[in-house]
Amino acid sequence: MAYILLFLLAITAVSFSNAQDDSCSGMMSADSFTVKWETDEDDDYVQFKYYAETTNWVGVGFSLSASMINSDVVVGAIASDSEYFVEDRYVGGSRTTPTFDTTQNIKNVSAYDDGTTTTISFIRPRVSSDNSQDIDLDQCVFIIWAFGGSVTSHATPATFGQHSRSERGFFATQLCLQECGNRTRGNGGGNG
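As the structure is a prediction and not an experimental result, all values here were calculated from the model.

### Comments concerning the state of the cysteines
Thinking step 1. All told, the structure shown has two disulfides when counted by the stated rule.
Thinking step 2. Each sulfur in the disulfide pair C24 and C180 lies 2.0 Å from the other. The sign of the S-S torsion, about -90 degrees, decides the handedness of the disulfide formed by C24 and C180: left-handed. Of the two residues, C24 sits in the loop between α1 (2-21) and β1 (25-30) while C180 sits in the segment after β14 (175-176), which places them 156 residues apart along the sequence.
Thinking step 3. You can call C24 buried: its relative accessible area is 11%.
Thinking step 4. Among the residues examined, C180 registers a relative accessible area of 0% and is labelled buried.
Thinking step 5. Linked covalently through their sulfurs, C140 and C176 form a disulfide whose S-S length is 2.0 Å.

Here it is as structure tokens:
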């Protein structure tokens, strides 16, 4: 019996260490919202793809407290095949429409709507040079999300309505990418 217990403990320890190795890419899903991520350790960027069962705007955010307040947010929506927006935004000290970030440091943005689901993707630095409006991902953060509300303008910066209470949430499991940075630089981060 003791051998079986030791064997199970050894398997569990291996499983946990593999789970940590795989945390540089993954997926979280709840209700009608899913987010996926994959790190590019050579460039120290993280690619995100998220989608929700809506044809309106979709947002994902990074928060130190699992709250919308003081969060770093990316919001996107699509109006037609050629008209969409994906914007870097942030929320300050109160619950309000996320403010357009003065440093748009997301890239390779795309938006797709299949008639029932809106999908947004973007790449952002794991460690940002924008210290005032971005949250670095070299620490554990909560992923917050929201969707819905109407889009009144796709012009930059876009304007959009508020989500309902049932179209928002956060993942209790934190996103922890501190071990996923560019390890060749010695300091675990940076873009240059």
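From this point, the discussion proceeds with the structure in view.
### Re the sheet that holds strand β8 (residues 107-113)
Thinking step 1. Read across the open sheet, the five strands follow the order β1-β2-β3-β9-β8; overall the sheet is antiparallel. Edge positions in the open sheet fall to β1 and β8, since each of these has one partner strand only. In this sheet, adjacent strand axes meet at a mean angle of 10 degrees when their direction is disregarded.
Thinking step 2. The pairing of β1 with strand β2 (residues 33-40) spans six bridges and is antiparallel. Looking at β2, one finds that M28 is bridged to V35.

### Notes on the environment of G59
Thinking step 1. Relative to the elements of secondary structure, G59 occurs in strand β4 (residues 57-63).
Thinking step 2. Here the alpha-carbon distance between G59 and V86, two residues 27 residues apart in the chain, equals 9.2 Å.
Thinking step 3. With near-sequence residues (within four places) excluded, G59 lies in contact with F33, Y50, V74, V75, I144, W145 and A146.

### What to know about the pairing of strand β5 (residues 71-78)
Thinking step 1. Among the eight residues of β5, eight are classified as buried, and the element is accordingly described as predominantly covered.
Thinking step 2. Going residue by residue along β5, you find S71, V73, V75 and A77 tucked away on one face and D72, V74, G76 and I78 tucked away on the opposite face as well.
Thinking step 3. Sheet topology note: the β4/β5 ladder contains five bridges and is antiparallel. Paired with V60 across the bridge in β5 is V74.
Thinking step 4. Where β5 meets strand β6 (residues 84-91), eight bridges bridge the pair, whose relative direction is antiparallel. Bridge assignment links V75 to a residue of β6, and that residue is E87.

Cut-offs applied
Residues numbered from 1 in each chain as written. Predicted model: local features only at pLDDT ≥ 70, side-chain atom pairs only at ≥ 80, totals over all residues. Heavy atoms only, no water. Disulfide = S-S within 2.5 Å. Helix = DSSP H or I, 4+ residues; strand = E, 2+ residues; numbered from the N terminus. Buried < 20%, exposed > 50% of the residue type's maximum accessible area, 1.4 Å probe, protein only. Pairing = 2+ DSSP bridges. Axes fitted to C-alpha atoms, helices over the stretch in contact; angles between N-to-C directions. Contact = heavy atoms within 4.5 Å.

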